[in-house]
Amino acid sequence: MGVIQGEGFRAKASQTDLAVTFRDLILLPGWTEVEPSQVELSTQATLHHSINIPFISSPMDTVTESDMAIALARLGGLGVLHRNCTAEEEVEMARKVKRAESLIIKDVITISSAETVRYATELMQKHNISGLPVVEGETLVGIVTGRDVRFADPGLLVKDVMTKKVVTAPEDTNIEGAKELLHKHRVEKLPLTDKQGRLKGLITIKDMLLRGRFPNAARDENGQLLLGAAVSPFDLKRAKMLDEIVDILVIDVSHFHNANVFNSTKKLLEEVEADVIVGSIGTYKAAEDALTKLEGIAGFRVGIGSGSICTTMESTKAGSPTVYATAQVADAVQTYGSKVPIISDGGIRGPGDAAVALSLGASAVMIGNLFARCREAPGTLIAIGGRYYKQYRGMGSPSAMAKRLATDRYGAPSKGLPEGVEGWVPYKGEVNVVIQELTAGLQASMGYAGARKVPELWEKARLAAISQSGSEEARPHDILLPSESPERV
Ligand code: XMP
């Protein structure tokens, strides 16, 4: 008992796949007619949503809340909100992102004329807005702005301080028409009303200026920032609440290739309208089963156990490094003639890793660690030895699991077993700094490969395995760097 015997097992051991990882591969320079500045990075995040740079943030509670999602979408990428919170909190985060800017605001925050000035001030502060259309029932009766309430007695009613003569426009007004009206009347907000005077939308100068400031932003058809949100396959109620707001739902489990998960996802897919990304998966078979047994999936999240905070492989030996996983899933997608985009997730340390993942058939990469370093990430900032760091933790780390709200990601298959760690990553400042480095580096990699666009990289990129000594040579060597101790040279 307990001894591995027989041809079958010996054969199994000797025929094992080599599950390579980022550090094992390099991108071979190819014939190129492409300069890095000519490389175009737009790509599919899901079947129906494209983004302008192939970078997506992880749904982790030290990586993606509203601020990160807003910043990333403005830069052309995508944020996926974490779910280690109540459904109501996740919905509130989603609303905040969607309200951050839009061509025409449909979900307008209004106030009744019978409310107090105190409440109007609170509402404007809470939502970080400068004015509120005033309604009686659904009818627009005025507008109240920061200027109207600033020195007013907080006990007064809104109807006593509001501007009653409001410049409005019909609900089908286009942006050019709105611009003219805003300019002509020198106002900042233009409420849209129907023939009965009911409020139907709002166009603001602020949104128009933001559009100009972030021309590369990833937006939905209403001009709002594109957004994803993580959900459990077992929480249909939350998925349906978020489905009303977000563009993309991400089924957030560590092992998607699981009978219960498949059954619940099947139901979820029938009930929601958003594009659904499923994962995490790491094998050809998992992708094949998903493609053949589930209808309507719009993306794959690929890679198990490669994340910088993961201990899954260490403690369970189960996993599929992101590079290997991407190649496996890309093969299945190709074999089945599917167009479902692949998001490579875990272990990305820089643009070169992203280039390798994309070369293997991914459309985008998902990143936790590099984004956790940024101001927009929710983790706490601390100083250690004169340097700044931000908190970063795995969603299967003991402290994240103690919150107990996303425990079904790691809880069910491995009761009581932490699958992640908690620590500190160096502070990098604003996320646009990280995005600039990733973008410039990836454009350079694609230039070396001769690929102008991501799908061209799938065709043209050639990879090679690198030896241990090759990879040592690939870093600076035989030189004393300012950050190192003299013994190293
Ligand atoms: P990076 O390398 O960017 O990876 O830090 C982020 C990805 O790691 C996954 N993740 C975990 N994996 N235990 C795991 O095994 C965990 O506690 C954990 N938390 C996050 C997840 O796929 C994320 O996108």
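Structure: above.
Residues numbered from 1 in each chain as written. Predicted model: local features only at pLDDT ≥ 70, side-chain atom pairs only at ≥ 80, totals over all residues. Heavy atoms only, no water.

## Details of the overall build of the protein chain
Counting secondary structure elements, the protein chain contains 19 helices and 21 strands. Relative to its length of 489 residues, the protein chain is compact, with a C-alpha radius of gyration of 25 Å against a globular reference of 23 Å. Reported as C-alpha extents along the three principal axes, the dimensions of the protein chain are approximately 85 × 50 × 50 Å. A burial count over the protein chain gives 50% of its 489 residues as buried. Of the contacts formed within the protein chain by residues at least 6 apart in sequence, a portion of 65% connects residues at least 24 apart. The average position of the 55 basic charges and that of the 60 acidic charges among the side chains of the protein chain differ by 3 Å. (Helix = DSSP H or I, 4+ residues; strand = E, 2+ residues; numbered from the N terminus. Rg over C-alpha atoms; globule rule 2.2 N^0.38 Å. Buried < 20%, exposed > 50% of the residue type's maximum accessible area, 1.4 Å probe, protein only. Contact = heavy atoms within 4.5 Å. Lys, Arg positive; Asp, Glu negative; His and termini not counted. Charge placed at Lys NZ, Arg CZ, Asp CG, Glu CD.)

## Focus on the packing of aromatic side chains
Counted by the stated rule, this structure contains 1 aromatic pair. Considering the side-chain rings of Phe256 and Phe262, the 5.1 Å spacing of their centres and the 40° angle between planes classify their relative orientation as tilted. (Phe/Tyr/Trp six-rings, centres within 6.5 Å; stacked < 30°, edge-to-face > 60°.)

## A short note on the pattern of salt bridges
Under the criterion given, the structure shown has 24 salt bridges. Between Glu101 and Arg74 there is a salt bridge, and its shortest N-O distance comes to 2.6 Å. Linking Glu101 in the loop between helix H3 (87-99) and strand E6 (111-112) with Arg74 in helix H2 (residues 66-75), this pair joins segments that are 27 residues apart in sequence. According to the relative accessible area criterion, Glu101 is buried, its value standing at 1%. For Arg74, a relative accessible area of 17% gives the class buried. Among the ionic pairs, Asp345 bridges to Arg301, the shortest N-O distance being 2.9 Å. Of the two residues, Asp345 sits in strand E16 (residues 342-345) while Arg301 sits in strand E15 (residues 297-302), which places them 44 residues apart along the sequence. Using a relative accessible area of 4% as the deciding quantity, one classes Arg301 as buried. One network of salt bridges, in which partners are shared, links Arg83, Asp252, Arg301 and Asp345. (Salt bridge = Lys/Arg side-chain N within 4 Å of Asp/Glu carboxyl O.)

## Topic: the side chain of Ser306
You can see Ser306 is positioned in the loop between E15 and helix H12 (312-316). Residue classification places Ser306 among the buried residues on the basis of a relative accessible area of 18%. A distance of 3.0 Å separates a polar side-chain atom of Ser306 from the backbone nitrogen of Thr322. With residues near it in sequence (within four places) discarded, Ser306 still touches Met313, Ser320, Pro321, Thr322, Gly346 and Gly347. (Polar contact = N/O pair within 3.5 Å; in protein donor to acceptor, adjacent residues only side chain to side chain.)

## Notes on the site of the ligand
What surrounds the ligand is a group of 24 residues, the closest being Cys310, Thr312, Asp345, Tyr392 and Glu419. The backbone of Gly368 places a nitrogen or oxygen atom 2.8 Å from an oxygen atom of the ligand. Protein contact buries 97% of the 520 Å² of open area that the ligand shows by itself. The residue makeup of the shell around the ligand, split by class, is 8 nonpolar, 12 polar and 4 charged. (Near = heavy atom within 4 Å. Areas by Shrake-Rupley, 256 points an atom, 1.4 Å probe, with all protein chains shown as cover. Nonpolar A, V, L, I, M, F, W, Y, C, P; charged D, E, K, R; others polar.)

## Digging into the nonpolar core
Core analysis: the biggest nonpolar cluster contains 92 residues, and Phe55, Leu249, Phe256, Phe300 and Phe371 have the highest contact counts within it. Once you skip the residues sitting within four places of it in the chain, Phe371 turns out to touch Phe55, Ile56, Ser57, Val63, Met68, Leu72, Ala377, Val431, Val434, Ile435 and Leu438. (Core = buried A, V, L, I, M, F, W, Y, C linked by side-chain atoms within 4.5 Å.)

## A few points about the pairing of E15
For E15, the buried fraction is high: 6 of the 6 residues fall into the buried class. Two strands pair when backbone bridges link them, and strand E14 (residues 275-281) and E15 are joined in this way by 5 bridges, in the parallel orientation. When the bridges of E15 are listed, Val276 appears paired with Ile297. Crossover E14 to E15 through helix H11 (residues 284-293) is right-handed. Here E15 runs beside E16; their pairing, made up of 3 bridges, is parallel. Counted as the bridge partner of Val302 is Ser344 from E16. (Pairing = 2+ DSSP bridges. Right-handed = clockwise from strand over helix to strand, strands pointing away.)

## Quick word on the environment of Gln436
In this fold, Gln436 is placed in helix H17 (residues 431-449). Put simply, Gln436 and Pro215 are 221 residues apart on the chain and 15 Å apart in space, counted from C-alpha to C-alpha.

## A closer look at helix H9 (residues 236-243)
Among all positions of H9, only Arg238, Ala239, Leu242 and Asp243 are buried. Mapping the buried residues of H9 onto a view down its axis gives an arc of 135°, with all of them on the same face. Taken together, the buried residues of H9 touch H3, strand E12 (228-231), strand E13 (248-251) and helix H10 (259-271). (Arc of directions from axis to C-beta.)

## Quick notes on the sheet that holds strand E7 (residues 131-136)
What the 3 strands build is an open sheet, ordered E6-E7-E8; its pairing is mixed. The strands lining the two open edges of the sheet, one partner per strand, are E6 and strand E8 (139-145). Examined bridge by bridge, E7 and E8 share 6 bridges and lie antiparallel to one another. Of the residues in E8, the one forming a bridge with Pro133 is Ile143. Its contacts with the sheet put helix H4 (residues 117-127) on E6, E7 and E8, and the angle it makes with E7 is roughly 130°. (Axes fitted to C-alpha atoms, helices over the stretch in contact; angles between N-to-C directions.)

## Here's the deal with the environment of Gln44
Among the structural elements, Gln44 can be located in strand E2 (residues 43-44). Taking the C-alpha atoms as reference points, Gln44 and Ala362, separated by 318 residues in sequence, lie 9.7 Å from one another. Residues in contact with Gln44, not counting those within four places in the same chain, are His49, Ser50, Pro341 and Ser363. A polar atom in the side chain of Gln44 sits 2.9 Å from the backbone oxygen of Thr46. Polar contacts involving the side chain of Gln44 include one to the main-chain carbonyl oxygen of Leu47, which spans 3.3 Å.

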